[in-house]
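As a plain string of letters, each chain reads:
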Amino acid sequence: MILELDCGNSFIKWRLVNKGGLKAEHVGVVGSDAELLQAVGDTGQDVQACRLVSVRSDVETDQLVASLAERFNVQCSRAQSVHSLAGVRNGYEDYQRLGLDRWLALVGAYSLSGGQSCLVLDLGTAVTSDLVTREGEHLGGYICPGMPLMRNQLCTHTRRIRYDQPTAEEARHSFAPGKSTAEAVERGCSIMLRGFVQAQLGMAGEYLGADFAVFITGGDAALVEEMLPQARIVPDLVFIGLAAACPLN
Ligand SMILES: Nc1ncnc2c1ncn2[C@@H]1O[C@H](COP(=O)(O)OP(=O)(O)OP(=O)(O)O)[C@@H](O)[C@H]1O
Ligand SMILES: CC(C)(CO)[C@@H](O)C(=O)NCCC(=O)O
Ligand SMILES: [K+]
């Protein structure tokens, strides 16, 4: 089995795919390196190879790579910043500064688009949007806080905004004006997110023309899904790009 990892700022998304690299046999989301070793170990599968992308610090990523080598006796192939990959050209002034998760998501999206221009939205801890033309030219993109950051900022910088997780989930069932703190914050932040997404459709129209494909990924993709009937929700977009970045032989 090939172990694939997407190490984000809050969670590590992992999956085990068969050697052909097409079918995911096990998938999971964990909050720490220790939980990852446990969860992958619990599958009882033989890990023969590993590839990963990380937006964490090099020290943290090195530590994880060392733990995986020790636990599963496997070397990790790590996605690196490059000028171009699979027909996509990195649009940043300094290509090494573009988050690797964004880069792989857009490489993955372009490869699925059949040569269409793409708007790629990733809704995680941060929310990112990237534009790529039909010719594979990355025009750059946008970064803003995601739901977890928005609500944490409000809780951290006010005294009276406090509510628990079950209350938050309950509050998300509607967009009606909030009648409790949880409803007001959860719905307010969701509406900000949706406003951002709406604006991105406008930017894409302006920079890519009318005919572009929309791809959404990330843990909070469901929050905007219903406002984008034309979009493809691809939870493993980063992994599709990762396979292109780190081919295994
Ligand atoms: N099974 C899940 N486990 C963890 N978070 C989940 C899950 N399903 C949805 N989420 C939501 O996804 C969001 C986190 O998104 P995601 O996992 O894409 O990014 P991340 O790893 O936190 O960070 P990054 O954006 O840096 O990759 C959180 O708002 C969380 O509530
Ligand atoms: C924006 C995040 C945090 C999204 O995960 C990540 O892609 C990142 O750390 N990027 C580096 C900054 C940039 O992309 O310009
Ligand atoms: K991400």
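About the cut-offs
Residues numbered from 1 in each chain as written. Chains lettered and ligands numbered in written order. Predicted model: local features only at pLDDT ≥ 70, side-chain atom pairs only at ≥ 80, totals over all residues. Heavy atoms only, no water. Pairing = 2+ DSSP bridges. Helix = DSSP H or I, 4+ residues; strand = E, 2+ residues; numbered from the N terminus. pLDDT = per-residue confidence, 0-100. Axes fitted to C-alpha atoms, helices over the stretch in contact; angles between N-to-C directions. Parallel < 35°, antiparallel > 145°, perpendicular 65-115°, else oblique. Contact = heavy atoms within 4.5 Å. Nonpolar A, V, L, I, M, F, W, Y, C, P; charged D, E, K, R; others polar. UniProt positions renumbered as here; feature names shortened; annotations may be inferred. 1 Å grid on protein atoms, 1.4 Å probe; cavity = no way out; pocket = protein on both sides within 12 Å on 5 of 7 lines; lining within 4 Å. Buried < 20%, exposed > 50% of the residue type's maximum accessible area, 1.4 Å probe, protein only. Near = heavy atom within 4 Å. Polar contact = N/O pair within 3.5 Å; in protein donor to acceptor, adjacent residues only side chain to side chain. Areas by Shrake-Rupley, 256 points an atom, 1.4 Å probe, with all protein chains shown as cover. Sits in = over half its atoms within 2 Å of the grid points.

Asker: What is the right way to look at the pairing of strand β10 (residues 138-145) in this model?
Answerer: A regular strand places its side chains on the two faces of the sheet in alternate fashion. Here 7 bridges tie strand β9 (residues 126-132) to β10, and the two strands are oriented antiparallel to one another. Bridged to Ser-129 within β10 is Tyr-142. Between β9 and β10, which follow one another and run antiparallel, lie 5 residues, and Gly-136 among them has a positive phi close to 90°.

Asker: Looking at this model, I keep getting lost on the confidence of the model for the protein. Mind explaining?
Answerer: Low pLDDT means the predicted atomic positions in that stretch should not be read closely. For the protein, mean pLDDT is 96; residues scoring 70 or higher make up 100% of the total. Taken together, the chains of this predicted complex give a pTM of 0.95 and an interface ipTM of 0.90.

Asker: Can you help me understand the packing of helix α3 (residues 100-112) against helix α8 (residues 237-245) in this one?
Answerer: Each packed pair of helices is defined by two parameters, the angle between the axes and the distance between the axes. Packing of α3 against α8 leaves a shortest axis separation of 7 Å and a crossing angle of 90°. One element, α3, and the other, α8, form an angle in the roughly perpendicular class. Contact residues: α3 offers Asp-101, Leu-104, Ala-105, Val-107, Gly-108, Ala-109, Ser-111 and Leu-112, while α8 offers Leu-237, Val-238, Ile-240, Gly-241, Leu-242, Ala-244 and Ala-245. Of the residues that constitute the contact of α3 with α8, the class distribution is 11 nonpolar, 3 polar and 1 charged.

Asker: Explanation requested: the UniProt feature "binding site: ATP" (unreviewed entry) in the protein in the structure shown.
Answerer: According to UniProt, the feature "binding site: ATP" (unreviewed entry) maps to Asp-6, Cys-7, Gly-8, Asn-9, Ser-10, Phe-11, Ile-12, Lys-13 and Thr-125 in the numbering used here. Spanning 120 residues, the named residues nonetheless gather at one spot, since no C-alpha pair among them exceeds 13.3 Å. Within the annotated group, the residues that form the lining of the largest pocket are Asp-6, Gly-8, Asn-9, Ser-10, Phe-11, Lys-13 and Thr-125. Classification of Asp-6 by relative accessible area gives buried; the value is 10%. In contact with Asp-6, not counting residues within four places along its chain, are Phe-11, Ile-12, Lys-13, Val-53, Val-238 and Phe-239. Within the secondary structure, Ser-10 is located in the loop between β1 (2-7) and β2 (12-17). The class for Ser-10 is partly exposed, based on a relative accessible area of 29%.

Asker: I'm lost on the site of ligand 2 in this one. Help?
Answerer: As a structural note, the neighbourhood of ligand 2 is formed by Asn-9, Tyr-92, Arg-97, Leu-98, Gly-99, Asp-101, Arg-102, Thr-128 and Ile-143. Side-chain polar atom of Tyr-92 to an oxygen atom of ligand 2: 2.6 Å apart, as the coordinates give it. One of the side-chain N or O atoms of Arg-102 is found 2.8 Å from an oxygen atom in ligand 2. Starting from 380 Å² of accessible surface for ligand 2 in isolation, the protein chains cover 72%. The site holding ligand 2 turns out to be the largest pocket.

Asker: Sorry, what's going on with the sheet that holds β1 here?
Answerer: Backbone-to-backbone hydrogen bonds join strands into a sheet, with any given pair of strands oriented parallel or antiparallel. What the 5 strands build is an open sheet, ordered β3-β2-β1-β4-β5; its pairing is mixed. Looking along the sheet, the strands with just one partner apiece sit at the ends: β3 (24-30) and β5 (76-78). Pairwise comparison of adjacent strand axes, ignoring direction, gives a mean angle of 20° for this sheet. Here β2 runs beside β3; their pairing, made up of 6 bridges, is antiparallel. Paired with Leu-16 across the two strands is His-26, which belongs to β3. Of the strands in this sheet, β1, β2 and β4 (49-54) are in contact with α8, which crosses β1 at around 120°.

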